[in-house]
Amino acid sequence: MRSMDGLRFAVGTLSVFPVRVERVDRQVAGRAMALAPGVGLVLGLAGGLPLVLFGERPLLAAALALALLALLTRALHLDGLADLADGLGSAKPADQALDIMKKSDIGPFGVVTLVFTLLVQVTALVSVSPPGDASDAAPYARYAALVTACLAGRLALTWACRAGVPAARPDGLGAMVAGTVRRPAVVLVTLAAVLAAAAIGLLAAPGPAPVDDRPAVDGLVVDGLVNVTAVVVQGCPLDFAAFPDCPEPAVPGMRYEEASGLLPGGVAALGRTLAAPVALLAGLAAALLLLGRARRRLGGVTGDVLGALVETAVTVTLVAYALLA
């Protein structure tokens, strides 16, 4: 029953899904922040649906997915990011910066931060594509990237609310959740999130390309090898064209031949599977850097700081996923 209180608190705080929260205290808050990555997983699965439904139009799909995600979270995390940008950008002492963050309006630092953050998120999502131009699998790769990013964003909350991290104010959401998650729980939740990300990457990885049954080209074996394209010029792979022992063309007059090969499909699939957990850890690392900055400047966390950490982790995870996958 107590765990259900924590789950209700997590869902009610981090999403628009209607729940009845019957008990609110720091013990419940600690459980809620430990369960936050699970809520992020659900949000990613729901918010990423446009990426699959409108996969043939990746830019539109990415914009719709991020808009739906903002709707599902009441845009609270984006608001927190803008407020923290205004507070830190003001270069004021901690108490004045906190007052700036508490205001309902958004200043120039917040506007610029929001614009570029959303621009980077959309661009990174569109840039995610499986190797070999597997266009049919691209929407699912982008879906996996967004789900992983949402998972990373809420994992950042677990770390930000761990024991030893103070609140910047004596009231508000930050005071309720700061320091409530025990360190062993942080480790266990992180391991679970990494394993979940690996599973996401594995499920989204496209299957091996059809086996090319063409004969070998001058010793370059094609059969059974996938996902890497080599160009053979005058019978020689381009990478080895400088070698003096390059053989003559296997077919007289042949100049260019595409060969799928050089890397076994299992190795390529493993790389795509690892991209998700690596991207998740990159997003978490970026959020922790921002958390350190907020603690030094503000003295601890607030609700706005937590929201900013979510968006930071989401953005960096998407960028890392696009670069790795």
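What counts, and at which threshold
- Residues numbered from 1 in each chain as written.
- Predicted model: local features only at pLDDT ≥ 70, side-chain atom pairs only at ≥ 80, totals over all residues.
- Heavy atoms only, no water.
- UniProt positions renumbered as here; feature names shortened; annotations may be inferred.
- Helix = DSSP H or I, 4+ residues; strand = E, 2+ residues; numbered from the N terminus.
- Buried < 20%, exposed > 50% of the residue type's maximum accessible area, 1.4 Å probe, protein only.
- Polar contact = N/O pair within 3.5 Å; in protein donor to acceptor, adjacent residues only side chain to side chain.
- Contact = heavy atoms within 4.5 Å.
- Core = buried A, V, L, I, M, F, W, Y, C linked by side-chain atoms within 4.5 Å.
- Axes fitted to C-alpha atoms, helices over the stretch in contact; angles between N-to-C directions.
- Parallel < 35°, antiparallel > 145°, perpendicular 65-115°, else oblique.
- Nonpolar A, V, L, I, M, F, W, Y, C, P; charged D, E, K, R; others polar.
- Salt bridge = Lys/Arg side-chain N within 4 Å of Asp/Glu carboxyl O.
- Left-handed = near helix turned anticlockwise from the far one by under 90°.
- Lys, Arg positive; Asp, Glu negative; His and termini not counted.
- Arc of directions from axis to C-beta.
- pLDDT = per-residue confidence, 0-100.
- Patch = residues over 30% accessible without salt bridge, like charges linked within 9 Å, V, L, I, M, F, W, Y side chains within 5 Å.
- Areas by Shrake-Rupley, 256 points an atom, 1.4 Å probe, with all protein chains shown as cover.
- Expected span 1.5 Å × (residues − 1).
- Bend = angle between axes of the 7 residues up to and from the residue.

The protein chain is annotated in an unreviewed UniProt entry as Adenosylcobinamide-GDP ribazoletransferase from Nonomuraea salmonea. Per UniProt, the comment on the protein chain under Function (unreviewed entry) is "Joins adenosylcobinamide-GDP and alpha-ribazole to generate adenosylcobalamin (Ado-cobalamin). Also synthesizes adenosylcobalamin 5'-phosphate from adenosylcobinamide-GDP and alpha-ribazole 5'-phosphate."

Asks: Looking at this structure, how should I read the side chain of Ser15?
Replies: Mapped onto the fold, Ser15 is located in the loop between helix H1 (2-14) and helix H2 (26-47). You can call Ser15 buried: its relative accessible area is 0%. Side-chain polar atoms of Ser15 contact the backbone nitrogen of Phe17, separated by 3.3 Å. When near neighbours in sequence (up to four residues on either side) are disregarded, Ser15 contacts Leu43, Leu72, Thr73 and Arg74.

Asks: Teacher, can you tell me more about the nonpolar core here?
Replies: Considering soluble globular proteins, one finds that nonpolar side chains tend to be buried as a cluster. Formed by 81 residues in total, the largest nonpolar core has its most connected members in Leu298 and Leu309. Considering every element that reaches this core, the biggest residue donor is helix H8 (residues 138-160), with 14 residues. Setting aside residues up to four positions removed in sequence, Leu298 forms contacts with Leu84, Leu88, Ala94, Ala97, Leu98, Met101, Ala168 and Val305.

Asks: Please explain the packing of helix H5 (residues 76-89) against helix H12 (residues 303-324) as it appears in this structure.
Replies: Pairs of packed helices are described in terms of their axes, by the angle between the two and the distance that separates them. Axis separation between H5 and H12 bottoms out at 7 Å; the angle between their running directions is 110°. Comparing their axes, H12 and H5 come out roughly perpendicular. Between H5 and H12, the contacting residues are His77, Leu78, Asp79, Gly80, Leu81, Asp83 and Leu84 on the first element and Asp304, Val305, Gly307, Ala308, Val310, Glu311 and Thr312 on the second. Among the residues making up the contact of H5 with H12, the classes are represented as six nonpolar, four polar and four charged.

Asks: I would appreciate a short explanation of the pattern of salt bridges in the present structure.
Replies: For side chains of opposite charge, pairing can occur when their charged atoms come near one another. As enumerated under the stated definition, the model contains two salt bridges in all. Here Arg8 ties to Asp5 by a salt bridge, and the two come within 3.2 Å at their closest N and O atoms. Of the two residues, Arg8 and Asp5 are both situated in helix H1; the distance of three residues between them amounts to about one turn of the helix. The class for Asp5 is buried, based on a relative accessible area of 9%. Arg23 is the partner of Asp25 in a salt bridge, and the nearest nitrogen-oxygen pair spans 2.7 Å. In this structure Asp25 comes out as partly exposed when scored by relative accessible area, which is 24%.

Asks: I'm lost on the packing of helix H4 (residues 58-72) against helix H7 (residues 108-127) in this one. Help?
Replies: Where H4 meets H7, the closest approach of the two axes is 9 Å, and the angle between their N-to-C directions is 130°. By the angle class used here, H4 and H7 are oblique. Regarding H4 and H7, the two cross each other, and that crossing is right-handed. Between H4, through Pro58, Leu59, Ala62, Ala63 and Leu66, and H7, the contact on the second element is made entirely by Leu118, Gln121, Val122, Leu125 and Val126.

Asks: Just to check I follow, could you spell out the UniProt feature "transmembrane region" (unreviewed entry) in the protein chain for this structure?
Replies: Sequence positions flagged by UniProt for "transmembrane region" (unreviewed entry) are, in local numbering, residues 32-53, 59-76, 106-128, 140-165, 185-205, 274-292 and 304-324. Annotated as 100% helix and 0% strand, the span residues 304-324 places its first and last C-alpha atoms 30 Å apart.

Asks: In this structure, what is going on with the side chain of Asp86? I would like to understand it.
Replies: With respect to the helices and strands, the residue Asp86 is situated in helix H5. There is no salt bridge for the buried Asp86, and the closest opposite charge comes from Lys103, which lies 9.7 Å off by N-O distance. From its side chain, Asp86 meets the backbone nitrogen of Gly107 in a polar contact 2.7 Å long. Ignoring any residue separated from it by four or fewer positions in sequence, one finds Asp86 in contact with Ile100, Ile106, Gly107, Pro108, Phe109 and Gly110.

Asks: What am I meant to see in helix H6 (residues 94-102) here?
Replies: Along an α-helix, residues three or four apart share an orientation, since each turn contains 3.6 residues. Looking at H6, one finds that the buried residues are Ala97, Leu98 and Met101. Around the axis of H6, the buried residues are gathered within 100° of arc, so they sit on the same side. Facing away from the buried side of H6, by more than 90 degrees, are the exposed residues Asp95 and Lys102.

Asks: I'm lost on the confidence of the model for the protein chain in this one. Help?
Replies: Any residue range with low pLDDT should be treated as having predicted coordinates unsuitable for detailed reading. Counting all residues, the mean pLDDT for the protein chain is 83, and 77% of those residues have values of 70 or more. Counted against residues more than four places away or in other chains, residues 209-243, with its pLDDT under 50, gives 69 contacts. A low-confidence stretch, residues 248-265 (pLDDT under 50), is modelled with 47 contacts involving residues beyond four sequence positions or located in other chains.

Asks: Teacher, can you tell me more about a nonpolar patch on the surface here?
Replies: A contiguous nonpolar patch, built from Ile106, Val111, Val112, Val115, Phe116 and Leu119 and spanning about 530 Å² of accessible area, is present on the exposed surface. Mapped onto the secondary structure, Leu119 falls in helix H7.

Asks: Can you help me understand H2 in this one?
Replies: Here H2 contains 22 residues, and its C-alpha end-to-end distance of 29 Å stays within 8% of the 32 Å for a straight helix at 1.5 Å per residue. Leu35 marks where H2 bends most, by close to 45°; the proline Pro37 follows one to four residues later. Residue Asp25 occupies the N-cap position of H2, its side-chain oxygen lying 3.1 Å from the main-chain nitrogen of Gln27.

Asks: Looking at this structure, how should I read unusual backbone geometry?
Replies: Positive phi outside glycine occurs at Arg74, with the angle close to 60°. Tracing the chain through its elements places Arg74 in the loop between H4 and H5.

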